[in-house]
Amino acid sequence: MELTSESDSTDTGASDKLFNAAIDDKLVGKRLDKVLSILFPEHSRSYLKNLIVDGKVKVNDKPVLKASVTVNLGDVVELVVPPARQLDIKPEDIPLDILYEDDDVLVVNKPKDMVVHPAAGHYEGTLVNAIMYHCGDRLSGINGVMRPGIVHRIDKDTTGSIIICKNDNAHKKIAAQLKEHSIKREYVAIVYGIIDEDEGTIEGSIGRHPTDRKKMAMNVPNGKHAVTHFKVLKRFYESKMTYVACRLETGRTHQIRVHMSSIGHPLLGDEVYKDGRKTGIKLNGQCLHARLLGFVHPVTGQYVETVAPIPEYFEHLLETLK
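Residues numbered from 1 in each chain as written. Predicted model: local features only at pLDDT ≥ 70, side-chain atom pairs only at ≥ 80, totals over all residues. Heavy atoms only, no water.

## Some details on the pattern of salt bridges
What the rule picks out here adds up to 10 salt bridges. A salt bridge links Arg 257 to Asp 155, with the nearest nitrogen and oxygen atoms 3.0 Å apart. Of this pair, Arg 257 sits in helix 5 (residues 255-262) while Asp 155 is found in the loop between helix 3 (127-135) and strand 8 (159-165), placing the two residues 102 residues apart along the sequence. As far as the burial class goes, Arg 257 and Asp 155 line up, both buried. Where Glu 186 meets Arg 291, a salt bridge forms, and the shortest distance between an N and an O atom there is 2.8 Å. Note that Glu 186 is positioned in strand 9 (residues 184-192) and Arg 291 in strand 15 (residues 288-296), a separation of 105 residues in sequence. When its relative accessible area of 24% is taken as the criterion, Arg 291 is described as partly exposed. Each member of the salt-bridge network shares a partner with another, and the members are Arg 31, Asp 33 and Lys 49. (Salt bridge = Lys/Arg side-chain N within 4 Å of Asp/Glu carboxyl O. Helix = DSSP H or I, 4+ residues; strand = E, 2+ residues; numbered from the N terminus. Buried < 20%, exposed > 50% of the residue type's maximum accessible area, 1.4 Å probe, protein only.)

Given below as structure tokens:
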């Protein structure tokens, strides 16, 4: 399904953008929010849901306020995307470990205990506060006022590579690569137990846990297809732990944490998915690092690959485990 004429979008207000698309047989029967996420991969699904609730979406020229409405063959979907609002969030002079930067993208090595974007309870000290100071007004406005430049994220307690987009063109193209799973993402982790296989693949849908909304779970009704490939880097037989590399084929929330726990090897320090495991090692969150990030540059078309150095606490663990 393609937009009828995205490049010919017309202004409906100050800088509102109007998009129209006709539903073909590939989208028939799908929820409206799912359809919009397919048509507009540069926007998060939660942002598109908010536009629906705000009356910014019409089907056959009638406002639709429910994301669960399904579409029919030949329906015409109209979406109004408002201009990015001025942020109330303050830029903060927080040091950034920059792995790569040019006029279009920025790749940083996020430290442990840093939230990526502002949310309830975390309006200061986030990565967004830091990049707003570093980039000024050179950030994409896609995904709304709280997430300028943010095209993907990693958990607060996960360290490593994250890409920031400085303009909407870069954002759209990087988001498309994320959607088609062509961005190369490799993590390293320390997990409980000794993994016998040298490498393997974990496949199982991941969605919101049916009773605990703070957790994700496998093979639930709202789950999305997820694939993680793992490879053993070192086994610590005395400590009963394994050092692994994980390559994401998809990118679901908590994917590595959920998948590794599902095979009986939760991440060291993961209080959410540790499955009752205990150790004398005290950590602030899971031992997980986004080491490698590779993508096609949105302007030059050249392949860019960055490697984030393993943080000191992680290196210390590798040195002390036996």
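## Some details on the nonpolar core
One finds Leu 32, Leu 36, Val 57, Val 77 and Leu 79 to be the most contacted residues of the largest nonpolar core, which totals 21 residues. Mapped onto this core, the elements with two or more residues apiece are strand 2 (17-22), helix 1 (32-39), helix 2 (45-53), strand 3 (57-59) and strand 5 (76-81). Beyond its immediate sequence surroundings of up to four residues, Leu 32 is in contact with Ile 52, Val 57, Val 59, Val 64, Lys 66, Ala 67, Val 69, Val 71 and Val 77. Core analysis: the second largest hydrophobic core is formed by 16 residues, Ala 189, Val 244, Leu 248 and Ala 290 among them. (Core = buried A, V, L, I, M, F, W, Y, C linked by side-chain atoms within 4.5 Å. Contact = heavy atoms within 4.5 Å.)

## Re helix 3
For the α-helix, the turn length of 3.6 residues means that residues three or four positions removed from each other point alike. In terms of residue burial, helix 3 counts as a mostly covered element, since 7 of its 9 residues are buried. Where helix 3 begins, one side-chain oxygen reaches toward the backbone nitrogen of Val 128, 3.3 Å away; that side chain belongs to Thr 126. Downstream of helix 3 by one or two residues, Gly 136 has phi in the positive range, about 65 degrees. (Polar contact = N/O pair within 3.5 Å; in protein donor to acceptor, adjacent residues only side chain to side chain.)

## Digging into the environment of Arg 291
C-alpha separation for the pair Arg 291 and Met 218, spaced 73 residues apart in sequence, amounts to 25 Å. When near neighbours in sequence (up to four residues on either side) are disregarded, Arg 291 contacts Ser 161, Glu 186, Tyr 187, Val 188, Thr 306, Val 307 and Ala 308. In this structure the side chain of Arg 291 is engaged in a polar contact, spanning 2.8 Å, whose partner is the side chain of Glu 186.

## Details of empty space enclosed by the protein
On inspection of all chains with the given rule, the structure shows 1 cavity of 30 Å³ or more. Surrounding the largest cavity, His 152, Ser 161, Arg 185, Glu 186, Tyr 187, Ala 290, Leu 292 and Leu 293 form its lining. Counting only elements with at least two residues in the lining of the largest cavity, the list comes to strand 9 and strand 15. Taken together, the residues of the lining of the largest cavity sort by class into 4 nonpolar, 2 polar and 2 charged. (1 Å grid on protein atoms, 1.4 Å probe; cavity = no way out; pocket = protein on both sides within 12 Å on 5 of 7 lines; lining within 4 Å. Points joined across faces, edges and corners; volume = space filled by probe spheres on them. Nonpolar A, V, L, I, M, F, W, Y, C, P; charged D, E, K, R; others polar.)

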